[in-house]
Amino acid sequence: MWFNLKEFKDRINSKRVLKIALPMMLSNITVPLLGFVDTAVIGQLGDAKLIAALGLGSILISTLYWLCGFLRMGTTGLTAQAKGSKLTDEVFLTLLRGLLLGIFLGFFILIIAYPIFFIFFFISPAEVDVETLALQYAEIRVLSAPFAIATIPIVGWLIALEKTLSVFFIQVFINLLNIILNLYLVFQLGMGIEGVAYATLISEIIGLLLALFISFKSLV
């Protein structure tokens, strides 16, 4: 019989499930910290318009990236199937396809960014000063699209390989780097909302490099 129930039960146990799930739970908890830190830092400048602009810009960029979230679960499913079938080459090719698709979608978002910004502010108008600041933030943040979206399938791929601790490490690293860069660019260099945007941009670029390095180590 091709499916052995006893063998399946032996392989899937509470310890193994917890080993996969716990780091993912912690990783998901850290996700809102990125926006929380940005708001906390910009709030210290004492200008309500900056906070409003940051909120608008963050919603806009987060929504664009969220639309590409299918890359994570899609990559996870396909990789898990390939791993279960012991198709080593297909495991690698699934990562490669997801990575290339993520980069493609990221550059596509860059191309259509300004029409989307126009539509967004047309639907959700704000004061002129707030819209100007929000646009400054969004114009910088959207530059990270190829990097941030390319990271999504890598995360899904690592989940399929049960390397959720690596996913947690990547997320924590990005958050910590973002905090450090926020404090430096906003308070030391006085860059304001642009400093917050650049901090997140740099964090997401380096986060992708770290994710690629971890993926490479998982292959060898």
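Residues numbered from 1 in each chain as written. Predicted model: local features only at pLDDT ≥ 70, side-chain atom pairs only at ≥ 80, totals over all residues. Heavy atoms only, no water.

Regarding the overall build of the chain
Put simply, the rule is: Here a strand is any run of E in DSSP of at least two residues, a helix any run of H or I of at least four, and the numbering for each starts at the N terminus. Between two residues, a contact is recorded if the distance between any of their heavy atoms is within 4.5 Å. Surface exposure here means Shrake-Rupley accessible area, sampled with a 1.4 Å probe, where a residue is shielded only by the protein chains that are shown. We score Asp and Glu as negative and Lys and Arg as positive, and we do not count His or the chain ends. Every charge is mapped to an atom, namely NZ of Lys, CZ of Arg, CG of Asp or CD of Glu.
Counting its secondary structure elements, the chain contains 9 helices and 0 strands. When the helices and strands of the chain are placed in sequence order, the string is α-α-α-α-α-α-α-α-α. When its C-alpha atoms are laid out on the principal axes, the chain stretches across 70 × 30 × 30 Å. Across the chain, contacts joining residues at least 24 apart in sequence account for 82% of those joining residues at least 6 apart. Here the chain has roughly 12,400 Å² of accessible surface; of this, 73% comes from carbon and sulfur atoms. Of the side-chain charges in the chain, 14 are positive and 13 negative, and the distance between the mean point of each set is 20 Å.

A look at helix H6 (residues 128-141)
For clarity, the cut-off: Here the expected length of a helix is defined as 1.5 Å per residue gap, with one fewer gap than residues. Any residue under 20% of the maximum accessible area for its type is buried, any over 50% is exposed, and the rest in between are partly exposed; the area is computed with a 1.4 Å probe on protein chains only. The arc in question is the one traced by the directions running from the helix axis out to the C-beta atoms.
Over its 14 residues, H6 extends 20 Å from the first C-alpha to the last, a length consistent with the 20 Å expected when each residue adds 1.5 Å. By the burial criterion, the buried members of H6 are Val-130, Leu-133, Ala-134, Tyr-137, Ala-138, Ile-140 and Arg-141. Buried residues in H6, looked at end-on, bunch into an arc of 165 degrees, giving them a common side.

Things to note about the nonpolar core
The following threshold applies: By convention a nonpolar core is built from buried Ala, Val, Leu, Ile, Met, Phe, Trp, Tyr and Cys residues, the set being connected through side-chain atoms within 4.5 Å.
Among the nonpolar cores identified, the biggest contains 35 residues, and Tyr-65, Cys-68, Ile-109, Phe-117, Ile-149 and Ile-193 are the most heavily contacted of them. It is helix H3 (residues 48-66) that contributes the most residues to this core, 8 residues altogether. Apart from residues no more than four positions distant in its own chain, Ile-149 is found in contact with Tyr-65, Cys-68, Leu-71, Gly-102, Leu-105, Gly-106 and Ile-109. In terms of nonpolar packing, the next biggest core, distinct from the first, is built from 19 residues, Met-24, Ala-150, Leu-210 and Ile-214 among them.

Quick notes on the confidence of the model for the chain
For clarity, the cut-off: One confidence number per residue, pLDDT, is output by the predictor and ranges from 0 to 100.
Chain-level statistics for the chain give a pLDDT mean of 86 and a share of 93% at 70 or above. Considering each helix and strand of the chain separately, the mean pLDDT is smallest for helix H1 (residues 5-11), with a value of 51, and largest for helix H7 (residues 145-160), with 93.

Description of the packing of H3 against H6
Any two packed helices are characterised by the angle at which their axes cross and by the distance between the axes. Selection criterion: With axes taken as lines fitted to C-alpha atoms, and helix axes fitted only over the stretch in contact, angles between N-to-C directions fall between 0 and 180 degrees. An angle counts as roughly parallel when it lies under 35 degrees, as roughly antiparallel when it exceeds 145, as roughly perpendicular when it falls between 65 and 115, and as oblique in every other case. Helix crossings fall into two classes, left-handed where the near helix is turned counterclockwise from the far one by less than a right angle and right-handed where it is turned clockwise. For this scheme, ten residues count as nonpolar: Ala, Val, Leu, Ile, Met, Phe, Trp, Tyr, Cys and Pro. Four count as charged, namely Asp, Glu, Lys and Arg, and the remainder, Gly too, count as polar.
As a packed pair, H3 and H6 sit with axes 8 Å apart at the nearest point and diverge in direction by 40 degrees. Considered as vectors, H3 and H6 are oriented oblique to each other. Considering only the axes of H3 and H6, their crossing is right-handed. Here Lys-49, Leu-50, Ala-52, Ala-53, Leu-54, Leu-56, Gly-57, Ser-58, Leu-60, Ile-61 and Tyr-65 of H3 come into contact with H6, specifically with Asp-129, Val-130, Leu-133, Ala-134, Tyr-137, Ala-138 and Arg-141. Partitioning the contact of H3 with H6 into residue classes produces 13 nonpolar, 2 polar and 3 charged.

Side note on the layout of surface pockets
Operational definition: Both site types are read off a 1 Å grid over the protein atoms alone. A 1.4 Å probe that fits but cannot get out defines a cavity, while an open set with protein on both sides within 12 Å along at least five of seven lines defines a pocket; lining residues have an atom within 4 Å of a point. Grid points are joined across faces, edges and corners, and a volume is the space filled by probe spheres set on the points.
As a volume, the largest pocket reaches approximately 940 Å³. Around the largest pocket sit 31 residues that line it, and Val-31, Tyr-65, Ile-152, Gln-171 and Glu-204 are the ones nearest its centre. Of all the secondary-structure elements, those providing two or more residues to the lining of the largest pocket are helix H2 (14-43), H3, helix H4 (70-84), H6, H7, helix H8 (164-188) and helix H9 (192-219). Broken down by element, the lining of the largest pocket gets its largest block of residues, 9 residues, from H2. Classifying every residue of the lining of the largest pocket by side-chain character gives 16 nonpolar, 11 polar and 4 charged.

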